[in-house]
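Each chain, letter by letter, is given below.
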Amino acid sequence: GTAEKLPRGNGNYLLSFISATPAENPQLVTYVVVDQPHVDGQADSTAAKDLTKNILTQVLPYMNVPTIAEMQANGITTYDSMAVGESDSDSVNSNH
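Please read these numbers as outputs of a predicted model, since none were measured by experiment.

S.K.: How do you make sense of the overall build of the chain when you look at a structure like this?
M.R.: When helices and strands are counted, the chain shows two helices and five strands. Element order for the chain, N to C, with α for helix and β for strand: β-β-β-α-α-β-β. Classification of the 96 residues of the chain by burial places 30% in the buried group. Of the contacts made within the chain by residues no fewer than 6 positions apart, 42% connect residues no fewer than 24 positions apart. Summed over all atoms, the accessible surface of the chain reaches about 6100 Å², with 50% contributed by carbon and sulfur.

S.K.: Even after reading the chapter, I still don't get the side chain of Ser-16, so can you show me in this structure?
M.R.: Mapped onto the fold, Ser-16 is located in strand 2 (residues 13-21). In this structure Ser-16 comes out as buried when scored by relative accessible area, which is 17%. Residues in contact with Ser-16, not counting those within four places in the same chain, are Gly-1, Tyr-31, Val-32, Val-33, Ser-45 and Ala-48.

S.K.: So what exactly am I meant to see when it comes to the environment of Gln-42 here?
M.R.: Take Gln-42: it is sitting in the loop between strand 3 (28-35) and helix 1 (46-59). Those residues in contact with Gln-42 that sit more than four places away from it in its chain are Thr-2, Gly-11, Asn-12, Tyr-13, Leu-15, Gln-36 and Pro-37.

S.K.: Explain the pattern of salt bridges here, please?
M.R.: Pairing between side chains of opposite charge can happen when the charged atoms of each approach one another. Scanning all chains against the criterion turns up two salt bridges. Measuring nitrogen to oxygen at the nearest pair gives 2.7 Å for the salt bridge that ties Lys-5 to Asp-35. Highlighted residues: Lys-5 in the loop between strand 1 (2-4) and strand 2 and Asp-35 in strand 3, separated in sequence by 30 residues. By relative accessible area, Lys-5 is classed as partly exposed at 25%.

Quick notes on the rules
Residues numbered from 1 in each chain as written. Predicted model: local features only at pLDDT ≥ 70, side-chain atom pairs only at ≥ 80, totals over all residues. Heavy atoms only, no water. Helix = DSSP H or I, 4+ residues; strand = E, 2+ residues; numbered from the N terminus. Buried < 20%, exposed > 50% of the residue type's maximum accessible area, 1.4 Å probe, protein only. Contact = heavy atoms within 4.5 Å. Areas by Shrake-Rupley, 256 points an atom, 1.4 Å probe, with all protein chains shown as cover. Salt bridge = Lys/Arg side-chain N within 4 Å of Asp/Glu carboxyl O.

These figures capture arrangement, not role.
Here you go:
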């Protein structure tokens, strides 16, 4: 989410993103808040989403949640739900 800080119109935002992972059986909740990010495009929550993705990319291997690339390398072509983003480096939850 994105919230413009008071006074409005000054271009200062509070960004947040929350996730529950893995989707089928959540065991981890990640809540990231960025107060006044010093990035272009503050008015959307991309910075908080990207931080969440970086955190989960490092944490999920410890939880034995495979990446899409790992699943494909093992011949698994379908999965129940994605845990992070949409690229090959993202993690997924699978019952296969």
